[in-house]
Amino acid sequence: MKIHEMAQRVGMTSKNIRFYEQEGLLTPQRNRTNGYRSYGQAEEDTLRRIKLMRKLGVPLEEIRQMQSGRLTLSEGMRRQLAELGRQQKNLAEAQEFCTRLRDCEAGYETLDADQWLREMELKEKEGTVFVNKQNRDHRAKSVAAICAAAVFALLMLCVVALMIWAAI
């Protein structure tokens, strides 16, 4: 079957399926006459397993290791359970801070943020990880700016090359 049929059968987008193929998690056969991907039951089963693991938050590298046999399903789930436990602990700490902030008498403008940040830093030294939206926002903007600059530089290089070629 073709990619769009497979996408419907497993409840994924064609883009997701191509991504998993690009990542080496899926290797469909190719039709020799037209080069189209050809999917069968084995690929459908593989995609369903990948979908299950991704819904559980299992990283691609661990899925790859389970597929290759370097990691058993049991060990992969132990690792994922440990990661979920860490996330759960971090969320519980964040919930505790939010509850305390909700119950404190201060308003937004009178909140002593330094005191709360000091407390958070102590928790971070003990291993708690709090979300840092500021870093995430900055990283996304940085990546976009770098990509745009690279594309612009490449275009300028092409223009210069064309000008040199035309002058010769």
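Keep in mind it's a predicted model, so treat the numbers as computed, not measured. (Residues numbered from 1 in each chain as written. Predicted model: local features only at pLDDT ≥ 70, side-chain atom pairs only at ≥ 80, totals over all residues. Heavy atoms only, no water.)

Caption draft 1: Region of interest: the overall build of the chain. The helix and strand inventory of the chain stands at 7 helices and 2 strands. Along the chain, helices and strands appear, N-terminal first, in the series α-α-β-β-α-α-α-α-α. Put simply, the chain has 168 residues, and 20% of those count as buried. Taking the intrachain contacts of the chain between residues at least 6 apart in sequence as the baseline, contacts between residues at least 24 apart amount to 42%. When the accessible area of the chain is evaluated, it comes to approximately 12900 Å², of which 58% is carbon and sulfur surface. (Helix = DSSP H or I, 4+ residues; strand = E, 2+ residues; numbered from the N terminus. Buried < 20%, exposed > 50% of the residue type's maximum accessible area, 1.4 Å probe, protein only. Contact = heavy atoms within 4.5 Å. Areas by Shrake-Rupley, 256 points an atom, 1.4 Å probe, with all protein chains shown as cover.)

Caption draft 2: Quick look at the pattern of salt bridges. Scanning the model with the defined rule gives 16 salt bridges in all. Close ionic contact of Arg64 with Glu23 constitutes a salt bridge, the shortest N to O distance being 3.0 Å. Here Glu23 lies in the loop between helix H2 (14-22) and strand E1 (29-30) and Arg64 lies in helix H4 (residues 60-68), a separation of 41 residues in the sequence. In this structure Glu23 comes out as partly exposed when scored by relative accessible area, which is 29%. Here Arg79 makes a salt bridge to Glu62, at a shortest N to O gap of 3.5 Å. Taken together, the positions of Arg79 in helix H5 (residues 73-103) and Glu62 in helix H4 put the pair 17 residues apart, joining distant regions of the chain. When its relative accessible area of 35% is taken as the criterion, Arg79 is described as partly exposed. (Salt bridge = Lys/Arg side-chain N within 4 Å of Asp/Glu carboxyl O.)

Caption draft 3: The packing of H5 against helix H6 (residues 113-125), seen in detail. Two elements in contact, H5 and H6, have axes whose closest approach is 12 Å; the angle formed by their N-to-C orientations is 160 degrees. Judged by the angle between their axes, H5 and H6 are roughly antiparallel. As H5 packs across H6, the resulting crossing turns out to be right-handed. Contact residues: Glu93, Phe97, Arg100 and Leu101 in H5; Trp116, Glu119, Met120 and Lys123 in H6. Of the residues contributing to the contact of H5 with H6, the split by class is 4 nonpolar, no polar and 4 charged. (Axes fitted to C-alpha atoms, helices over the stretch in contact; angles between N-to-C directions. Parallel < 35°, antiparallel > 145°, perpendicular 65-115°, else oblique. Left-handed = near helix turned anticlockwise from the far one by under 90°. Nonpolar A, V, L, I, M, F, W, Y, C, P; charged D, E, K, R; others polar.)

Caption draft 4: The packing of helix H1 (residues 3-10) against helix H3 (residues 41-55), seen in detail. Two numbers describe how H1 lies on H3: the axes approach to 10 Å, and their chain directions differ by 50 degrees. One element, H1, and the other, H3, form an angle in the oblique class. The handedness of the crossing between H1 and H3 is right-handed. Of H3, the residues touching H1 (which contributes Met6, Arg9 and Val10) are Gln41, Glu43, Glu44, Leu47, Arg48 and Lys51. Of the residues assigned to the contact of H1 with H3, the class counts are 3 nonpolar, 1 polar and 5 charged.

Caption draft 5: How the structure looks around the side chain of Asn90. On the secondary structure map, Asn90 appears in helix H5. Among all residues touching Asn90, those that are not within four sequence positions of it are Gly127, Thr128 and Val129.

Caption draft 6: Broad picture of the packing of aromatic side chains. Summed over the entire model, instances satisfying the criterion amount to 3 aromatic pairs. Measuring from centroid to centroid gives 5.5 Å for Phe97 and Phe130, while their planes differ by 80 degrees, and the two rings are edge-to-face. Residue Phe97 is located in helix H5, and its partner Phe130 is located in the loop between H6 and helix H7 (133-167); the two are separated by 33 residues in the primary sequence. Each member of the pair, Phe97 together with Phe130, is buried. (Phe/Tyr/Trp six-rings, centres within 6.5 Å; stacked < 30°, edge-to-face > 60°.)

Caption draft 7: Fine view of H3. Its 15 residues give H3 an end-to-end C-alpha distance of 21 Å, which sits within 8% of 21 Å, the value for a rise of 1.5 Å per residue. Taken together, the buried positions of H3 are occupied by Glu43, Glu44, Thr46, Leu47, Ile50 and Met53. Of the surrounding elements, those touching the buried residues of H3 are H1, H2, E1, H4 and H5. Looking one or two residues beyond H3, the residue adopting positive phi is Gly57, at roughly 85 degrees. (Expected span 1.5 Å × (residues − 1).)

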